[in-house]
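Okay, here's what each chain looks like letter by letter:
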Amino acid sequence: MTAQGYEFRLITNADDLLRARFAALGVPSPELVKHHFTRVIPPMPFRAAHRKLELFAAFATGAFGPAVALIDIDTLLLRGWPFAIEPGVLLGYDIGPHTTPAVIANDLSWAGVAGTTRWWGGEFLAGDAAAFRPLAKAVERLWPRYLAAVPTLCHVGDETMTTAALAALTVRDVGGEGVQRWWSSRTKVRQQASSREALTAALVHLPADKAILGRYADPAVSLDGFPSAYRRHVAAKLPVRLLAGVADRLRGRPIQYLPRLGR
């Protein structure tokens, strides 16, 4: 079925799809453990993304193993993970440069967090069970205040809650070599990396490209050559993005920045 230009396929058994992908990669299939979500989340933007917050408490129990990572589904692991899990330390991705200090200040004021330029991305968070325990407790403590603050926020989502909860905790930023987020669409803040630079990370998050990522979810499609195929995909979109920018200028709208492919 299709919706807004995206193609979706109904997955009747996600377990089988995952096992088939691991088999295609020649990697032993891990044990697949399901989690039943119980947190009541009122109607709000990015409602489903708030489910991630409940996983912090589950990870803290050790039921998912001594070391765990929360990774968004619209990411790709392009090479071996370069960082080790340190006892009691969370590994995260600081995407503060992708937003503005004014937005960060506004969206953390409800939690009493001030003077920070850090904003932790929701696509990746890893650590041992001990590292997730204080995070889970902070989320529970802040949740009612967050719900009350939602109407005042620029960004409503799990990242706001997670960033507020991590403010007093030890987090190691693994952005750059470990994780990068890259938008093939226009952005309000200029992206520091080109697509070529972003694709050098071990884990790359491509939130504007779920359509092409969906094709690669098929175990029959090889991941070999993905960076080159992806860059061709983005290059085909850039002329349309450029025309949209010209139209915005003519209409007096705020400037948005084009993504860069890189050489």
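Preceding this section is the structure that the text describes.
On a predicted model such as this, the values are computed, not experimentally measured, just so you know. (Residues numbered from 1 in each chain as written. Predicted model: local features only at pLDDT ≥ 70, side-chain atom pairs only at ≥ 80, totals over all residues. Heavy atoms only, no water.)

Some words on the sheet that holds strand β9 (residues 203-205)
Going by this rule: For two strands to be treated as a pair, DSSP must find no fewer than two bridges joining them. Strands are runs of DSSP state E lasting at least two residues, helices are runs of H or I lasting at least four, and both sets are numbered from the N terminus onward. The axes are straight lines fitted to the C-alpha atoms, using for helices just the contacting stretch, and the angles between their N-to-C directions are given from 0 to 180°.
Strand order in the open sheet made by the 3 strands is β4-β9-β8, with mixed pairing throughout. Two strands bound the open sheet, and with one partner strand each, they are β4 (75-77) and β8 (179-181). Each strand of the sheet is rotated relative to its neighbour by a mean of 15°, with strand direction disregarded. Two elements, β4 and β9, share 3 bridges in a ladder whose sense is antiparallel. Bridge pairing in β9 links T75 to H205.

What about the pattern of salt bridges?
To be explicit about the condition: Salt bridge, as applied in this entry: a Lys or Arg side-chain nitrogen positioned within 4 Å of an Asp or Glu carboxyl oxygen. Note on exposure labels: buried denotes an accessible area under 20% of the residue type's maximum, exposed denotes more than 50%, and partly exposed covers the range between, all computed with a 1.4 Å probe on protein chains only.
Tallied over the full model, the rule gives 13 salt bridges. Between D74 and K210 there is a salt bridge, with the nearest N and O atoms lying 3.0 Å from each other. Of this pair, D74 sits in the loop between β3 (67-71) and β4 while K210 sits in helix α7 (residues 210-216), placing them 136 residues apart in sequence. In this structure K210 comes out as partly exposed when scored by relative accessible area, which is 44%.

Side note on helix α2 (residues 52-60)
Among the 9 residues of α2, 8 are classified as buried, and the element is accordingly described as predominantly covered. For α2, the full list of buried residues reads K52, L53, E54, L55, F56, A58, F59 and A60. Positive phi appears at G62, one or two residues downstream of α2, with a value of about 85°.

Topic: helix α1 (residues 14-25)
Note the threshold: Helix span, as expected, comes to 1.5 Å for every residue beyond the first.
Helix length check: α1, at 12 residues, gives a terminal C-alpha distance of 17 Å against a target of 16 Å (1.5 Å per residue), a fit within 8%. Directly beyond the C-terminal end of α1, a positive phi value near 75° is found at G26.

Digging into the pairing of strand β5 (residues 90-94)
Taken across its 5 residues, β5 has 5 buried, putting it largely inside the fold. Alternating positions in β5 separate into two faces, L90, G92 and D94 on one and L91 and Y93 on the other, with burial throughout. Strand direction decides the pairing type here: β5 and strand β7 (residues 171-173), joined by 3 bridges, are parallel. Paired with L90 across the bridge in β7 is V171. Summarising the sheet, β5 and strand β6 (residues 120-128) pair through 3 bridges and their orientation is antiparallel.

Let's talk about the packing of aromatic side chains
As a reminder, the rule being used: Two rings from Phe, Tyr or Trp (for Trp, the six-membered ring) form a pair when their centres sit within 6.5 Å of each other. Planes less than 30 degrees apart are called stacked, planes more than 60 degrees apart edge-to-face, and all others tilted. The criterion is that NZ of a Lys, or CZ of an Arg, lies within 6 Å of the ring centre and within 35 degrees of the ring normal, and then a charge sits over that ring.
This structure, assessed with the given rule, holds 10 aromatic pairs. Here the aromatic residues F56, F59, F64 and F132 are joined through ring pairs into a cluster of three or more. Of note, R39 hangs over the ring of W143, and the distance from its end group to the ring centre comes to 4.8 Å.

Here we look at the nonpolar core
Definition in use: To define a nonpolar core, start from buried Ala, Val, Leu, Ile, Met, Phe, Trp, Tyr and Cys residues and group those joined through side-chain atoms within 4.5 Å. We call two residues in contact when some of their heavy atoms are within 4.5 Å.
Core analysis: the biggest nonpolar cluster contains 45 residues, and F56, L90, W110, F132, L135, Y146 and M161 have the highest contact counts within it. The element contributing the most residues to this core is helix α4 (residues 129-149), with 10 residues. Contacts of Y146, omitting those with residues within four sequence positions, involve M44, H50, W110, L153, V156, G157, T160 and M161. Residues L76, I212, Y230 and L238 belong to the second largest nonpolar core, which totals 14 residues.

Some points on the packing of α4 against helix α5 (residues 158-166)
The test is simple: Throughout this description, any angle smaller than 35 degrees is read as roughly parallel, any larger than 145 degrees as roughly antiparallel, any in the 65 to 115 degree range as roughly perpendicular, and the remainder as oblique. The hand of a helix crossing depends on one turn: near helix anticlockwise from the far one by less than a right angle means left-handed, and clockwise means right-handed.
Packing of α4 against α5 leaves a shortest axis separation of 9 Å and a crossing angle of 120°. The angle between α4 and α5 falls in the class oblique. Remark: the crossing between α4 and α5 carries right-handed chirality. Each of L135, A138, V139, L142, W143 and Y146 in α4 lies in contact with α5, whose residues at this interface are T160, M161, A164, A165 and L166.

Some points on the sheet that holds β5
One open sheet accounts for 4 strands, arranged β3-β6-β5-β7; its pairing is mixed. In this open sheet, the two strands that pair with only one neighbour each are β3 and β7. Within this sheet the neighbouring strands show an average axis-to-axis angle of 25°, counted without direction. Along the sheet face, α2 touches β3 and β6 and points at about 175° away from the line of β3.

Just distances and angles here, no functional claims.
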